[in-house]
Amino acid sequence: MKTPLALLLLLASISQVIAADPITIERPFARASAPGQMVGGGFMTIVHQGGAEDRLVSATTPIAREVQIHSMNMDGGVMRMRQVEGGLAIPAGGRVALQPGGLHLMFVDLNAPLVAGASFPVTLRFAKAGEIKVEFSVEARPTK
Ligand SMILES: [Cu+2]
């Protein structure tokens, strides 16, 4: 049974190359959590090479109860996070950066501390591209 399985795997990998996803994720990372911290931010750049706008609708991860999509805005001199309503639009042929101080994923109710050097899976759900699984690496907190 070894040969048919190997052949199936080969065919599967070929079909993946042919049906290359229009959406790719660059440098997904999170920051190590401080002691007692129950939420964590997730960052990445979403690159869309398709011809029609897509939308990041939701995300899930085993390391947190919930994943939210947040924006950050100045409101009366105070930086506030808000949930992005209706998902995050990804323009055709565009790039959307989720980065510290701006758009980010918010991992709510962490199941365990985020430790620098570790990594964890996140499943992103796009309206058109469907599910994309990404491995986030945990980086040390910046020292100020
Ligand atoms: Cu947030």
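Before going into details, it helps to say that this report is about the structure given with it. (Residues numbered from 1 in each chain as written. Predicted model: local features only at pLDDT ≥ 70, side-chain atom pairs only at ≥ 80, totals over all residues.)

Quick look at unusual backbone geometry
Although it is not a glycine, Arg27 sits at a positive phi angle of roughly 45°. By the element assignment, Arg27 lies in strand β1 (residues 23-31). Among the residues examined, Arg27 registers 11 C-beta atoms within 10 Å and is labelled exposed. Its identity as a non-glycine residue notwithstanding, Asp109 has a phi of 60°, on the positive side. With respect to the helices and strands, Asp109 occurs in strand β8 (residues 104-110). Take Asp109: there are 10 C-beta atoms within 10 Å of it, and that puts it in the exposed class. (Helix = DSSP H or I, 4+ residues; strand = E, 2+ residues; numbered from the N terminus. Buried ≥ 20, exposed ≤ 12 C-beta atoms within 10 Å, placed from the backbone.)

Focus on the pairing of strand β4 (residues 64-75)
Strand direction decides the pairing type here: β4 and β8, joined by six bridges, are antiparallel. Bridging across to β8, His70 finds its partner in His104. The pairing of β4 with strand β5 (residues 78-83) spans six bridges and is classified as antiparallel. Paired with His70 across the two strands is Gln83, which belongs to β5. (Pairing = 2+ DSSP bridges.)

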